[in-house]
Amino acid sequence: ALAGYRGDVPIYPASVIKLFYLGATHQWLEDGRLQETDELQRALHDMIVESYNEATHYVVDLLTGTTSGPELPAEELRVWFDRRNAVNRYFTSLGYSNINASKKPWCEGPYGREMQAIKAFELKRNALTTDATARLMVEIVTRQAVSPARCEAMMKLLRRDPFADTKDPDDQAKFSGPGLPTGAKLWSKAGWTSDTRHDAIYVELPDGGRFVLVTFTTDHANNREILPHIARSVVRGLQTRP
């Protein structure tokens, strides 16, 4: 079943953008454009499991052949900006729309050529739609993204334990996880900023039910009950349906 509310509206995706960088990395590896290294595997782990921005910056540099740094002359900046859009071109070629995956995630704000590009090309923040994010998650779950082996590798990084005893309120398993019934299995990529709280999840319920749910919020970062409430409502809806 598919249902959505404003699913085609581009919204700032917080760390959910890292799910798209993960998918692109595995395509680049499959095509031989990147080489398997211990450092790359460490970066993918830290980008998805720990949601570290520094690891994401490393991955974006590899995917696009760009680096952050001082401002560039106009022509060099144009070439840099074209390279930085490599991930966008990949997903556009697959039919994705209304997304922007060309910026590194920043907590403190961009500097140098990163800020220069925003001014020169009116580059907006990274943006995703819940429809596009749900599509990517479904393709990973059903082993249709890149290859079955690549999907297995991605699933291993996305696996969470929603029932683990953790004191970290921003543990990714604790975004939608508290809304799941005992025994449910969870795979997810969550993210938050000062004014957003987002989650993209795949769930396997104890009774065999399965679903993908992507929720992006605005102005609710401090309300930790919204995402569990939505997940709980979806579970109830599935359990009352034939």
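In the block above lies the structure referred to throughout.
Analysis parameters
- Residues numbered from 1 in each chain as written.
- Predicted model: local features only at pLDDT ≥ 70, side-chain atom pairs only at ≥ 80, totals over all residues.
- Heavy atoms only, no water.
- Helix = DSSP H or I, 4+ residues; strand = E, 2+ residues; numbered from the N terminus.
- Buried < 20%, exposed > 50% of the residue type's maximum accessible area, 1.4 Å probe, protein only.
- Core = buried A, V, L, I, M, F, W, Y, C linked by side-chain atoms within 4.5 Å.
- Contact = heavy atoms within 4.5 Å.
- Pairing = 2+ DSSP bridges.
- Axes fitted to C-alpha atoms, helices over the stretch in contact; angles between N-to-C directions.

With respect to unusual backbone geometry
- The residue R143 is not glycine, and still its phi comes out positive at about 65°.
- As for its position among the elements, R143 is in the loop between helix 7 (130–141) and helix 8 (148–158).
- Overall, the relative accessible area of 28% leaves R143 in the partly exposed class.
- Unusually for a residue other than glycine, V146 sits at a positive phi of about 65°.
- Tracing the chain through its elements places V146 in the loop between helix 7 and helix 8.

Examining the nonpolar core
- If you look at the biggest cluster of nonpolar residues, it comprises 44 residues, and the most contacted ones within it are F20, Y21, M47, L63 and F91.
- Those elements that place two or more of their residues in this core are helix 1 (17–31), helix 2 (38–48), helix 3 (53–64), helix 5 (86–93), helix 7, helix 8, strand 3 (197–204) and strand 4 (210–216).
- Of the residues forming this core, the biggest block, eight residues, is contributed by helix 1.
- Not counting residues up to four positions away in its chain, the partners in contact with F20 are F91, Y96, I99, L128, A132, T133 and L136.

As for the sheet that holds strand 1 (residues 159–160)
- Strands sit in the order 1-2-3-4 across an open sheet of four strands; the sheet is antiparallel. Of all the strands in the sheet, just strand 1 and strand 4 have a single pairing partner and so form its edges.
- Sheet analysis places strand 1 next to strand 2 (residues 185–192), joined by two bridges and oriented antiparallel. Note on strand 2: the bridge partner recorded for R159 is W187.
- Along the sheet, helix 9 (residues 226–239) makes contact with strand 3 and strand 4, crossing strand 4 at roughly 150°.

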